[in-house]
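Summary of the model geometry
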Amino acid sequence: DPSGVYTYTVSGTSPCTNATATVTVSITAAPNAGTNGTLTICSDGPSTSLFTRLGGSPQAGGTWTAPGGGAHSGTLDPSVCPAGIYTYTVQGTSPCASASATVTVTINQRPNAGTNSATTVCSNAPAFSLFALLGGSPQPGGTWTGPGGESVSASYTPGVSVPGIYTYTLSGTAPCLASTSTVTVTQVAAPNAGIDRSIVVCSNDASFSMRSQLNGTPAAGGTWVGPGGAHGDLFNPAVDAPGNYTYTVVGTAPCANATAVLSITVRTAPRAGTS
């Protein structure tokens, strides 16, 4: 019904005239705070207007209170504002009561995969945990992918695993995106000095390469140290002292040097004299 003057009339009985009275009605518009809404946001998401999350057609100009009852600006910054129920209130003009509506805010924490790191390992080093090498404070429970994009475990075995970039991924709870970090592994080939061996030679045998007498596949370019100190690769049974000869191949950091020992026993050749 419209506002205005409403007239009440009582008909009179002749010779009485009619009698009238009026009621003047003023209608004050009720305040409209909209309807309740929700907001789910990531902890590192952008600041968001709570007003836009209300349903219906809320009036502007109202006030907001935070979950604890304190005043709030109406702009939610998920990095500092708490989750909970935010209340929007539009004051009513008497005799209308104030109107209120709420926005229930859920803040999902962004996953933390830590920060990138790098390491250099020797190909003969023991296996190690990739997770332990991540920087920052990574959360457990993520997954690893190797340099080729294949799923791998969190353990790297030098000499078996492929060097390169390993990616750690933690899935996020919507609307949070996944978080990733990497460990870049550089692998240095370990030096190979071969495997220890013991040999027996005759004093009149021809000179020979000591490296060729070691077991395994020793790399060239190493150095020898014998009973008398530094020694070349050739051993002359007629003049060189028997004993342990150590072959050393220098390693490139972080690999240590590799050594192998050739133990040589020299038997004196028999003499039958001359004719």
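Above this text you will find the structure in question.
Here's a quick rundown of the structure. Just so it is clear, the structure is predicted and the values come from calculations on it, not from any experiment.

**Looking at the overall build of the chain**
A count of helices and strands for the chain gives zero helices and 23 strands. Here the chain has a C-alpha radius of gyration of 45 Å; the compact-globule value for 275 residues is 19 Å, and the former is much larger. Referenced to the eigenvectors of the C-alpha coordinate spread, the extents of the chain come out at roughly 185 × 30 × 20 Å. Residues counted as buried form 32% of the 275 residues belonging to the chain. Partitioning the intrachain contacts of the chain with sequence separation of at least 6 by distance along the chain shows that 57% fall at a separation of at least 24. Counting every atom, the chain has about 15,800 Å² of accessible surface; 53% of that belongs to carbon and sulfur. In the chain, the 6 positive side-chain charges and the 8 negative ones have mean positions that sit 17 Å from each other.

**Side note on the state of the cysteines**
Enumeration over the complete set of coordinates arrives at two disulfides. Through a disulfide, C42 is tied to C176; the S-S separation comes to 2.0 Å. The S-S bond linking C42 to C176 shows a torsion near 115°; that makes this disulfide right-handed. Remark: C176 occurs in the loop between β15 (164–170) and β16 (179–188) and C42 occurs in strand β3 (residues 37–42); sequence separation between them is 134 residues.

Analysis parameters
Residues numbered from 1 in each chain as written. Predicted model: local features only at pLDDT ≥ 70, side-chain atom pairs only at ≥ 80, totals over all residues. Heavy atoms only, no water. Helix = DSSP H or I, 4+ residues; strand = E, 2+ residues; numbered from the N terminus. Rg over C-alpha atoms; globule rule 2.2 N^0.38 Å. Buried < 20%, exposed > 50% of the residue type's maximum accessible area, 1.4 Å probe, protein only. Contact = heavy atoms within 4.5 Å. Areas by Shrake-Rupley, 256 points an atom, 1.4 Å probe, with all protein chains shown as cover. Lys, Arg positive; Asp, Glu negative; His and termini not counted. Charge placed at Lys NZ, Arg CZ, Asp CG, Glu CD. Disulfide = S-S within 2.5 Å.

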